[in-house]
Amino acid sequence: MAETKMYKHSLKHQIVFLITVGLVSLIGLLVFSNLYAISDSNKKIALSNERTLDYSVSQIENGLTNVDEMMLSQMISTNFQTLSAGDSPLNAHLSSQEIVTILREYLRIYNFCDAFFIYSAPSKQYRDAFTSDYSYGKKQVIERWMESAAAEDRFHYSDGWMTRMIGGEYYLIRFYGGRGTYLIALTSFKTMAQKRVDADSLSDVTFCTSDGTETIGRYPDIDFQAALSSNGYILDGDPRRMILHKNIASTDVSLLLMVGETEYFSRLSNMQVFLVCLSLLSILLIPLTLGWIRRSVIKPLDDLEKTIAEIRAGHMDAKAPSSDILEFQDVGTMFNEMMQQISDLRIETYEKELATQRAELQYLQLQIRPHFYLNCLKGLYAVAQQKDVEKVQKIILSISGHLRYMFRDQLELVPLSQEIEHIRNYIEIQRLSSAYPPECRIDVPKALEGFLIPPLSLSTFVENSFKHRCGGQTVIHVKAAQLDNGVDRFLDLTVQDNGEGFSEQVLADLNIDDQKVYATDHVGIRNIRQRFRLIYGTKVMFAFYNTPQGPVSEIVIPLAPHKKEENHDGTDR
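This structure is a prediction, so every number in the text was calculated from the model and none was measured.

**Student:** Describe the overall build of the protein chain, naming the residues involved and giving the relevant values.
**Tutor:** When helices and strands are counted, the protein chain shows 15 helices and 16 strands. Considering only residue pairs separated by 6 or more positions, the protein chain has 62% of its internal contacts joining residues 24 or more positions apart.

Below, the structure is given as structure tokens:
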């Protein structure tokens, strides 16, 4: 059966996520409802203004249609035919005079167009009629443009009403006739802007061509191309305006109605305005709520997590932080009480462990003391058999100092120099009681003599060298060195003799860390191994091997970390 994969989720992240989703959803709903209300209100306003726009456009289109009908009626008149036929100068003059008189009367009655022009190349006649709003200079500019356009025969009736710039101002123009004889109507966009229904003082109109060029030039900040591209209305400009548009028939321009923002926002009900303001204020709830969650929930959780991390790092006295939230106060109180109970149990367990180790070390001490003691008695017995009283006396004094060192408190550590002195004393006993005086070479740097080690550590290996010798002179080499791998430091202690070496079976037994306290074989070595383990834990290393020069017993003891230095007495500094 496949193991179900467990997914872990952070409570803090889940709380923030759920509250954020809830707030965003609520605020989003409020914003959407208000935007919908505003949009619906704007559509109603746009629909109302579209009717106003339609009426204004129809007025302009009716006015242009009336101009077209009047100008076409003049084209079929006898006077226009006389001009087109190139009749006598007198008849042409009289005909043009009659036509311009009718056009001036039309300007006075209807006041839709600003000017009319008569041009006939066959009859060499040019006449015009302007409203009183035009200055002499502006008239001159327009007359020159009209004469040039008519003479070039560039425009025709089929072109419809065209937008042209004359003298820096846009006009709507239409040509009637052909073959060198024309009637021309001209009106300014300002005049056409007056032919609309004034809805109120907040709305205004303007005109623009199909390429988005405004003909009056009142609103340079509005994108009229975007307005013409929209199917309904757009909101643009500064101040903001609602812009609607409609094409004017038979022309290349559109009429645009612009409604002030105050108008279409003022159409909102009091409740809608309140909901709009509430939606905007609700957006502030997101950072405020997240800040409250961080202060009241996330920060206490982070502090509790840091406290647990400190406890994991060994700071058992760390306490859960206080909080003004009742639930976190209860959790902190229970957590601190639990840690106090754990601390009490830990101290109790530690004291029991110390008592157990002390008892075990005492057992090991009692175990090794008879071992050395019996070996010393055997050596004394051997010298007594030789009946050398003086040597017996020296041996007894050496044994006395030897036993005094052996029967000291084994729970204390001794400097390496004392252990070396004890080895020299033991070698002296063996030299006095042996037929083949042993040789002992000691290689211990002065800087290492102060390091503390358990007593009778190296002495046991030295004793084994005599115990397992096969005859002849025993040569023992005791050596101490400091090892440094750049990260950790170690004290390396070795004892080597010139014996035959360990057997394969003995090496197999010695190099297996079986941690037996009670054993009948290799008592001294097992004793040393167990005492070192109790003091240094699993960091201490033992090695037993043979070399061409003889068997070697080696102990590697961990020292302080590399960043620390130690005094010669073994303490950190």
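**Student:** Now, about the pairing of strand S7 (residues 233-236): what can you tell me, with residues and values included?
**Tutor:** As defined by bridge partners, S7 adjoins strand S8 (residues 241-247) across four bridges and the pair is classed as antiparallel. Opposite Tyr233, over in S8, you have Leu244 as the bridge partner. The antiparallel pairing of S7 with S8 creates a hairpin that spans four residues between the two strands, and Gly237 there sits at a positive phi of about 95°.

**Student:** I'd like a rundown of the sheet that holds strand S5 (residues 181-188), residues and numbers included.
**Tutor:** In a beta sheet, neighbouring strands are held together by backbone hydrogen bonds and run either parallel or antiparallel to one another. The antiparallel open sheet is built from five strands, whose spatial order is S2-S1-S5-S4-S3. Every interior strand has two partners, whereas the edge strands, strand S2 (125-130) and strand S3 (162-166), have only one. With direction set aside, neighbouring strand axes in the sheet form an average angle of 25°. Pairing of strand S1 (residues 115-120) with S2 involves six bridges; the strand directions are antiparallel. Bridge pairing in S2 links Ile118 to Arg127. Sheet contacts for helix H3 (residues 89-110): S1, S2 and S5; angle to S2, the most-contacted strand, approximately 15°.

**Student:** An account of the pattern of salt bridges is needed here, citing residue identities and associated values.
**Tutor:** On inspection of all chains with the given rule, the structure shows 10 salt bridges. With a shortest N-O distance of 3.2 Å, Asp204 and Arg218 are connected by a salt bridge. One end of the pair, Asp204, is in strand S6 (residues 203-209); the other, Arg218, is in the loop between S6 and helix H6 (224-229), and 14 residues separate them in sequence. With its nearest N and O atoms 3.9 Å apart, the salt bridge here joins Arg424 to Glu421. Pair noted here: Arg424 and Glu421 are both in helix H12 (residues 416-433), with a separation of three residues, about one helical turn. Residue Glu421 is classed as partly exposed on the basis of its relative accessible area, which comes to 48%.

**Student:** So what's going on with the packing of helix H2 (residues 78-85) against H3? Residues and values would help.
**Tutor:** The angle between the axes and the distance between the axes are what describe a pair of packed helices. The contact between H2 and H3 brings their axes to 9 Å, and the two run at 140°. In terms of orientation, H2 and H3 fall into the oblique class. The element H2 and its partner H3 pack so that their crossing is left-handed. In contact with Asn79, Phe80, Thr82 and Leu83 of H2, H3 contributes Asn91, Ala92, Ser95, Ser96, Glu98 and Ile99. Class assignment of the residues belonging to the contact of H2 with H3 gives a composition of four nonpolar, five polar and one charged.

**Student:** Go over the nonpolar core with me, naming the residues and quoting the values.
**Tutor:** Grouped together as the largest cluster of nonpolar side chains are 41 residues, with contacts concentrated most on Val67, Met71, Phe116 and Phe207. With residues near it in sequence (within four places) discarded, Phe116 still touches Val67, Met70, Met71, Leu103, Tyr106, Leu107, Arg127, Asp128, Ala129, Ile184 and Ala185. The next biggest cluster of nonpolar side chains, apart from the first, holds 31 residues, and it includes Leu448, Phe461, Leu493 and Val540.

**Student:** Requested: an account of the packing of H12 against helix H13 (residues 458-467), with residues and values cited.
**Tutor:** For the pair H12 and H13, interaxial distance at closest approach is 9 Å and the crossing angle is 20°. By the criterion of interaxial angle, the relationship of H12 to H13 is roughly parallel. Judged by the twist between their axes, the crossing of H12 over H13 is right-handed. Along its contact with H12, which presents Leu416, Glu419, Ile420, His422, Ile423, Tyr426, Ile427 and Gln430, the element H13 presents Leu458, Ser459, Val462, Glu463 and Phe466. Taken together, the residues of the contact of H12 with H13 break down into eight nonpolar, three polar and two charged.

**Student:** A description of the side chain of Glu554 should follow, citing residues and the corresponding values.
**Tutor:** Here Glu554 shows up in strand S16 (residues 550-561). Salt bridges are absent for the buried Glu554, whose nearest opposite-charge side chain, Lys479, sits at 8.8 Å. A distance of 3.1 Å separates the side chain of Glu554 from the side chain of Tyr545, its partner in a polar contact.

**Student:** I'd like to hear about the sheet that holds strand S9 (residues 253-260), residue by residue, with values.
**Tutor:** An order of S6-S9-S8-S7 is seen for the four strands of this open sheet, with the pairing classed as antiparallel. Looking at which strands have only one partner, the edges of the open sheet turn out to be S6 and S7. Looking at each pair of strands side by side, their axes are set apart by 30° on average, direction ignored.

How each quantity is defined
Residues numbered from 1 in each chain as written. Predicted model: local features only at pLDDT ≥ 70, side-chain atom pairs only at ≥ 80, totals over all residues. Heavy atoms only, no water. Helix = DSSP H or I, 4+ residues; strand = E, 2+ residues; numbered from the N terminus. Contact = heavy atoms within 4.5 Å. Pairing = 2+ DSSP bridges. Axes fitted to C-alpha atoms, helices over the stretch in contact; angles between N-to-C directions. Salt bridge = Lys/Arg side-chain N within 4 Å of Asp/Glu carboxyl O. Buried < 20%, exposed > 50% of the residue type's maximum accessible area, 1.4 Å probe, protein only. Parallel < 35°, antiparallel > 145°, perpendicular 65-115°, else oblique. Left-handed = near helix turned anticlockwise from the far one by under 90°. Nonpolar A, V, L, I, M, F, W, Y, C, P; charged D, E, K, R; others polar. Core = buried A, V, L, I, M, F, W, Y, C linked by side-chain atoms within 4.5 Å. Lys, Arg positive; Asp, Glu negative; His and termini not counted. Polar contact = N/O pair within 3.5 Å; in protein donor to acceptor, adjacent residues only side chain to side chain.

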